[in-house]
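# Tertiary structure, described
So you can see what is in the structure, the chains are spelled out below.
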Amino acid sequence: MKNFEHYLSTIGEYGVVEEIHHPIVIINGLPEVSLNELVMFDNGNLGQVVSFSQNKVQALLLSPQPVNIKSQAVRTNKIISISVGRHLLGQVIDPQGNIIGQAAGNAKTSPGQTEELSVERAIPVISQRTQITRQVITGFPVIDLLLPISHGQRAVLIGDQQTGKTSFLLSAAEAIAASGTLVIYAAIGKHWNDLSDITSSLQNALAQQGAIIVASSSHDAPGLINLTPFTAMTLAEFFRDQGQDVFLILDDLSTHAKVYREISLLGRRFPGRESYPGDMFHVHARLLERAGCFIHPEKGQATITCLAVADTIRTLFTPIIVSNLISITDGHLLFDASIANHGRFPAIDFTLSITRVGKKTQAKAVRQLTNKISVLLSSYLKTERYSHLGAELSPEVRDLLLVGEQYIQFISQEAANHIPMPVQITFAGIIWQRWVNEQSTTLIPQWRDNLAAHYLNNPHVRSLLDDIVSAPDLDTLLKKLDSSREELRTLCRTNP
Amino acid sequence: MDSQLIQTIRTKIEAKDLITRLIEIKDGLNRTTDFDELLDHNLNADQKKLLVADLDSHHVLNANRPSLNILIDEILLALEKLPVFTLEIAFHPNLKFTRQLIGKLSSSLREQALLDIKVNADIIGGAVIQFQGRRFDYSLVKKFDS
């Protein structure tokens with residue numbers, strides 16, 4: 001950006017600050033200003049035009065430093081844009097695209113070719129999009145088997161505070177970055193402590209240039225916090241255009257909505273439901289519609305998978321922001337406080353969570369198996385509520401309770417423990433075949449992890465499991481499992 | 001706001017001076033009951049006459065203190081909102097030049113505006129004008145640069 005005098009002399013328009021409702025500034029003048037244009041104040045601060053009438057212009061300050069009444073502002077003839085390039089890989093940046101801290105162990109790369117991209121870009125039309133075909137592997141069976149997410153899907157993670165949403169996302173992000181997908185993490189209005197935790201959790205991905213963090217702290221100007229998800233999406237679009245798959249995390253859009261509400265109310269816009277402005281839905285829809293699965297001229301397809309986070313209170317998802325996001329996205333994952341309080345991780349309530357498109361990307365055999373598991377778990381949860389009454393249980397109900405409990409054990413895991421997909425499918429099949437007896441139920445996590453370790457370290461086990469999961473349908477998969485029963489049993493029981 | 005006193009103000013310096021005086025009068029209302037003396041102390045004879053006429057036309061001349069306060073606030077606000085015509089020149093203008101300029105400005109502008117003359121030797125000659133959100137650079141330095 002040039003200085004104030006430059007814009008005053010070249011564009012020749014100015015305005016005078018008449019009122020300040022921090023961060024909104026009312027300016028008199030700037031006769032030919034346009035919406036979203038950047039204005040510069042005489043102290044060097046920047047603002048973004050959010051609305052205007054015949055004589056008055058409303059600008060949103062983008063820095064925490066105040067401006068004074070009677071100070072001058074000039075047009076810049078620019079809308080907010082960021083300089084993007086491969087030099088941002090592995091960096092922590094602010095919403096204006098400036099590198100704010102170099103991740104530990106990350107060697108700085110040369111800027112190379114950079115592009116100046118506007119943060120407000122047109123939503124790609126249907127002809128630029130293509131059908132989703134590939135699944136995102138998070139390493140969590142509850143997601144990968146029961147609630148699969150696909151490359152190009154948009155989903156929202158909802159749940160109360162302290163239910164493990166961010167921990168889950170950070171852990172999944174590590175696994176996804178390791179698979180070659182670029183992770184962009186937008187930390188929206190977070191405390192500096194939380195930002196520090198996020199950076200250290202993604203340290204490996206940052207060091208390998210597989211992640212970028214776009215961070216705004218709660219102390220930043222509301223204008224900057226408001227900008228954070230748009231900057232992250234613009235970055236994602238840049239790398240998508242380069243043919244890269246991007247996994248974008250927006251943590252969280254509840255904070256973004258609150259900041260947008262604050263800005264709107266100070267700008268005297270009419271409040272609607274829960275005092276949010278009337279265009280709240282449009283703001284989030286316009287943002288999330290920029291994600292998806294797109295046609296790429298060289299690579300066939302390039303995707304932006306977007307996971308947004310929204311906070312709930314007492315697991316209610318009727319508040320406007322949560323219900324808006326549910327209706328915008330292709331699925332939601334509900335994190336339940338009562339599940340988290342039972343010590344289960346991830347605390348996802350799979351009965352109330354939905355994935356609208358993810359199942360299409362699963363192989364036929366896996367889809368058949370997971371459909372059966374979903375039905376079984378649903379029956380298990382209903383039956384389990386009444387089982388403690390002590391009535392005599394039929395053999396079928398006892399079997400249901402046993403297998404249901406085994407699947408619950410199977411999908412509960414440590415945050416940093418990523419299970420390879422073939423292991424997930426094989427182990428789900430092992431439980432389905434009733435190979436685990438009642439006494440061994442508590443050993444399931446250990447057996448699962450043993451099998452995963454064998455898979456990662458032993459090429460023979462790798463080819464065995466890969467062969468099993470390549471079965472075209474469920475019957476063949478179960479037959480293949482049966483034929484390797486003794487070997488699998490041994491592998492599960494031995495720690496490599 | 002319809003005010004005879006405001007209509008006599010032609011420059012930004014005059015406006016600032018009047019604002020200071022009106023604030024003094026407003027503060028003085030809390031200290032003294034002699035309004036006439038307060039006006040004599042802060043305004044010249046012409047200004048006093050015009051302010052009294054304004055108060056009279058708004059029916060607050062003999063009214064209570066809060067009504068006077070409100071009207072003075074309205075005059076202050078109107079003064080603050082007057083548009084400013086900024087003229088940047090390379091020399092210090094004499095009184096005759098300034099008066100001629102004020103006369104020209106009053107006759108050519110459709111609305112009342114305050115003249116604000118700034119001296120900037122860097123422009124060498126000519127003038128830079130700022131008015132109603134636009135800047136017009138007729139300086140010699142710009143001509144040389146281009």
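Our structure's up above, just so we're on the same page.
In short, a report on the structure. For clarity, every value in this text was computed on a predicted model and none was experimentally measured.

### Structural notes on the overall build of chain A
- Broken down by element type, chain A carries 17 helices and 20 strands.
- Computed over C-alpha atoms, the radius of gyration of chain A comes to 26 Å, within 12% of the 23 Å expected from 2.2 N^0.38 for 496 residues, which places it in the range of a compact globule.
- Excluding contacts between residues fewer than 6 apart, the proportion of contacts in chain A whose partners are at least 24 apart in sequence is 73%.
- When the accessible area of chain A is evaluated, it comes to approximately 20,900 Å², of which 51% is carbon and sulfur surface.

### Observations concerning helix H4 (residues 45–57) of chain B
All names here are of chain B.
- Over its 13 residues, H4 extends 18 Å from the first C-alpha to the last, a length consistent with the 18 Å expected when each residue adds 1.5 Å.
- All of the buried residues along H4 are Gln47, Lys48, Leu50, Leu51, Asp54 and Leu55. One side of H4 holds all its buried residues, which, seen down the axis, span an arc of 165 degrees. Exposed residues lying more than 90 degrees from the buried face of H4 are Ala45, Asp46 and Lys49.
- Buried-residue contacts for H4 involve helix H1 (4–7), helix H2 (12–28), helix H3 (35–42) and helix H5 (65–81).
- Put simply, Asn44 is the residue that caps the front of H4, since its side-chain oxygen is 3.2 Å from the backbone nitrogen of Asp46.
- Positive backbone phi, approximately 60 degrees, marks His59, located one or two places after H4.

### Brief notes about the side chain of A:Glu174
Residues and elements named next belong to chain A.
- Note that Glu174 resides in helix H3 (residues 165–178).
- Buried charge without a salt bridge: Glu174, with Arg462 as the nearest opposite-charge side chain at an N-O distance of 16 Å.
- With sequence-adjacent residues up to four places away left out, Glu174 is seen in contact with Ser201, Leu202, Gln203, Asn204, Ala205 and His418.

### Description of the sheet that holds strand S4 (residues 134–139) of chain B
Residues and elements named next belong to chain B.
- Pairing is mixed across the open sheet formed by four strands, whose spatial order is S2-S1-S3-S4. Of all the strands in the sheet, just strand S2 (114–119) and S4 have a single pairing partner and so form its edges. Pairwise comparison of adjacent strand axes, ignoring direction, gives a mean angle of 15 degrees for this sheet.
- Strand direction decides the pairing type here: strand S1 (residues 84–89) and strand S3 (residues 126–131), joined by four bridges, are antiparallel. Residue pairing for S3: Thr86 is matched across the bridge by Gln130.

### Some points on the pattern of salt bridges
- Applying the stated criterion across every chain yields a total of 26 salt bridges over all chains.
- Of the charged contacts in the structure, one is a salt bridge between A:Asp311 and A:Lys165, with a shortest N-O distance of 3.1 Å. Within this pair, whereas A:Asp311 is found in strand S18 (residues 300–311), its partner A:Lys165 is found in helix H3, the two being separated by 146 residues in sequence.
- Linked through salt bridges whose partners overlap, the residues forming this network are A:Glu13, A:Glu32, A:Glu37, A:Arg75 and B:Arg134.

### Digging into unusual backbone geometry
Residues and elements named next belong to chain A.
- The omega torsion across His22 and Pro23 is 10 degrees, close enough to zero to call that bond cis.
- Position of Pro23 among the secondary structure elements: in the loop between strand S1 (14–21) and strand S2 (24–29).
- Residue Pro346 is reached from Phe345 by a cis peptide bond, and omega for that bond is -10 degrees.
- Note on placement: Pro346 falls in the loop between helix H10 (337–341) and strand S20 (354–355).
- With a phi angle near 60 degrees, Gln209 is a residue other than glycine that sits in the positive phi range.
- You will see that Glu274, though not glycine, has its phi angle at about 55 degrees, which is positive.
- Tracing the sequence through the fold places Glu274 in the loop between helix H7 (253–266) and helix H8 (280–288).

Reading the values: rules and limits
- Residues numbered from 1 in each chain as written.
- Chains lettered and ligands numbered in written order.
- Predicted model: local features only at pLDDT ≥ 70, side-chain atom pairs only at ≥ 80, totals over all residues.
- Heavy atoms only, no water.
- Helix = DSSP H or I, 4+ residues; strand = E, 2+ residues; numbered from the N terminus.
- Rg over C-alpha atoms; globule rule 2.2 N^0.38 Å.
- Contact = heavy atoms within 4.5 Å.
- Areas by Shrake-Rupley, 256 points an atom, 1.4 Å probe, with all protein chains shown as cover.
- Expected span 1.5 Å × (residues − 1).
- Buried < 20%, exposed > 50% of the residue type's maximum accessible area, 1.4 Å probe, protein only.
- Arc of directions from axis to C-beta.
- Polar contact = N/O pair within 3.5 Å; in protein donor to acceptor, adjacent residues only side chain to side chain.
- Lys, Arg positive; Asp, Glu negative; His and termini not counted.
- Salt bridge = Lys/Arg side-chain N within 4 Å of Asp/Glu carboxyl O.
- Pairing = 2+ DSSP bridges.
- Axes fitted to C-alpha atoms, helices over the stretch in contact; angles between N-to-C directions.

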